[in-house]
Amino acid sequence: MSPLLEVDGITVAYGAVVAVREVSFTVEAGQTLAVLGANGAGKTTTLQAVSRLLGLRAGSIRVDGTDVTRAAAEDVARLGVAHVPAGRGIFPSLTVAENLRMGLYGAGTDRTPQGEQALEWALHPFPILRERWSQPAGTMSGGQQQMLAIARALAQRPRLLLLDEMSMGLAPAVVEDLFRVVADLRAQGIAVVLVEQFVTQALAVADTAIVLEQGRVVAAGSPDELRGDDMAAAYLGGRADAAPLEVPPAPPHVTEGVVVSLGPREARRVRRLADRRGVDVGTLLGGAARRLLDEDDA
Ligand code: ATP
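Residues numbered from 1 in each chain as written. Predicted model: local features only at pLDDT ≥ 70, side-chain atom pairs only at ≥ 80, totals over all residues.

## Here we look at the overall build of the protein
Right, on to step 1. The number of helices and strands found in the protein is 12 helices and 12 strands.
Right, on to step 2. Classification of the 298 residues of the protein by burial places 40% in the buried group.
Right, on to step 3. For the protein, contacts bridging at least 24 residues in sequence account for 66% of all contacts bridging at least 6. (Helix = DSSP H or I, 4+ residues; strand = E, 2+ residues; numbered from the N terminus. Buried ≥ 20, exposed ≤ 12 C-beta atoms within 10 Å, placed from the backbone. Contact = placed C-beta atoms within 7 Å.)

Laid out in structure tokens, this is it:
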């Protein structure tokens, strides 16, 4: 039997920037694969290539034995692949109900008994969403928005769920709840590809994992094998038990009474820069502000 997902030597580029190089992995039906790696390693790009939101420069992708290398995103969805993108991709001004209907609409089951059943099942792990039914999605907490994004994907009754950074910016208790949902999905036989910065939790629910570095797979295996692998240990070692790398995309406080608001991409770049310089974001931005003040004084 062929694996549910077979990614074979894919290379993906944004113009001249090659983000993913000759990456291969497989996911068996009902299994969970964790895709780990630092910021910019190519995790999001890999998931987008799988759901055909990005084209390939080389390599091939098969879903349940069907070659989808050149298929449209809808065809991949029809084969049972649902994608929860980083940043959740929900419509903030639409209500919870409307967002969920969009998911059904995408699956072609809106207003069918099949769709209603799927919705019922998708909402089961997230009872809070029923309480928020008529509320605009953008007014809910980040955790609830993530639940909505996952429920919307589940309403498509996927065989394979792609979860991109579901924990990003969420409180540890919420993250724990979400990981419990992932474990439950696995128990129900749904395969999951989990892109995560929460390494410990990801490895705890995964059957297999790969570590990406600069677009390449540098380690692959079972969680136990990875913990014993030198290449992976170099990456996992510093992070396995550390706090998540990705801190909430909330505006960093620079000094008392001053809040700087950055877009998600800028916030990530600032965080990476702070990481590289070994300081926290506040210190980095504080330094920049003081330089500006010095300039102004001069
Ligand atoms: P992150 O956690 O920061 O999202 P990631 O591992 O998911 O990291 P990708 O987002 O896949 O990494 O990015 C891989 C590389 O591709 C990075 O060098 C990134 O700067 C680059 N990249 C991503 N999106 C684009 C884009 N739209 N245009 C150009 N380069 C891009």
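## Section: the environment of leucine 185
Right, on to step 1. Here leucine 185 shows up in helix H7 (residues 172-187).
Right, on to step 2. As a C-alpha pair, leucine 185 and proline 125 span 60 residues in sequence and 9.7 Å in three-dimensional space.

## Re the pairing of strand S8 (residues 191-195)
Right, on to step 1. In terms of burial, S8 is largely enclosed, as 5 of its 5 residues are buried.
Right, on to step 2. Of the two faces of S8, the one lined by Ala191, Val193 and Val195 and the one lined by Val192 and Leu194 are each fully buried.
Right, on to step 3. Where strand S3 (residues 32-36) meets S8, 4 bridges bridge the pair, whose relative direction is parallel. Bridge pairing in S8 places threonine 32 opposite valine 192.
Right, on to step 4. Between the parallel pair strand S7 (residues 160-164) and S8, the chain is carried across by H7, and the sense of this crossover is right-handed. (Pairing = 2+ DSSP bridges. Right-handed = clockwise from strand over helix to strand, strands pointing away.)

## Notes on the site of the ligand
Right, on to step 1. Residues in contact with the ligand, as listed here, are Tyr14, Val17, Ala19, Gly37, Asn39, Gly40, Ala41, Gly42, Lys43, Thr44, Thr45 and Arg268.
Right, on to step 2. Counting residues per element, the ones that place at least two in the shell around the ligand are strand S2 (17-27) and helix H1 (43-50).
Right, on to step 3. Partitioning the shell around the ligand into residue classes produces 4 nonpolar, 6 polar and 2 charged. (Near = placed C-beta within 6 Å. Nonpolar A, V, L, I, M, F, W, Y, C, P; charged D, E, K, R; others polar.)

## Here's the deal with the nonpolar core
Burial of nonpolar side chains together is a common tendency in soluble globular proteins.
Right, on to step 1. Core analysis: the biggest nonpolar cluster contains 80 residues, and Ala151, Leu161, Leu162, Val193 and Leu194 have the highest contact counts within it.
Right, on to step 2. Top contributing element to this core by residue count: helix H6 (residues 142-154), with 7 residues.
Right, on to step 3. Not counting residues up to four positions away in its chain, the partners in contact with leucine 194 are Thr32, Leu33, Ala34, Val35, Leu163, Val182, Ala202 and Ala206. (Core = buried A, V, L, I, M, F, W, Y, C linked by C-beta atoms within 7 Å.)

## Topic: unusual backbone geometry
Right, on to step 1. At glutamate 22, a position not held by glycine, the phi torsion is positive, near 45°.
Right, on to step 2. Among the structural elements, glutamate 22 can be located in strand S2.
Right, on to step 3. Positive phi, close to 75°, is recorded for arginine 88, a residue that is not glycine.

## Remarks on the sheet that holds strand S1 (residues 5-14)
Within a beta sheet, neighbouring strands are joined by backbone hydrogen bonds and run either parallel or antiparallel to one another.
Right, on to step 1. Strand order in the open sheet formed by 4 strands is S2-S1-S4-S5, with antiparallel pairing between adjacent strands. Strands at the two margins of the open sheet, each flanked by one partner only, are S2 and strand S5 (66-67).
Right, on to step 2. Sheet topology note: the strand S4 (residues 58-63)/S5 ladder contains 2 bridges and is antiparallel. Of the residues in S5, the one forming a bridge with valine 63 is threonine 66.

## What to know about the sheet that holds S8
Right, on to step 1. Reading across from one edge, S6-S7-S8-S3-S9-S10 is the order of the 6 strands in this open sheet, with mixed pairing throughout. In the strand order of this sheet, the two ends are held by strand S6 (81-84) and strand S10 (216-221), each with one partner. Neighbour to neighbour, the strand axes of the sheet diverge by 15° on average, direction disregarded.
Right, on to step 2. Most of the contacts of H6 go to S6, to which it runs at about 170°, and overall it touches S6 and S7.
Right, on to step 3. Its contacts with the sheet place H7 against S3, S7 and S8, and it is angled at close to 150° to S8. (Axes fitted to C-alpha atoms, helices over the stretch in contact; angles between N-to-C directions.)

## Remarks on the confidence of the model for the protein
Right, on to step 1. Per-residue confidence for the protein averages 86 on the pLDDT scale, and 89% of its residues sit at or above 70.
Right, on to step 2. This stretch, residues 239-257, has a pLDDT under 50; its non-local contacts, to residues over four places away or in other chains, come to 34 contacts. (pLDDT = per-residue confidence, 0-100.)

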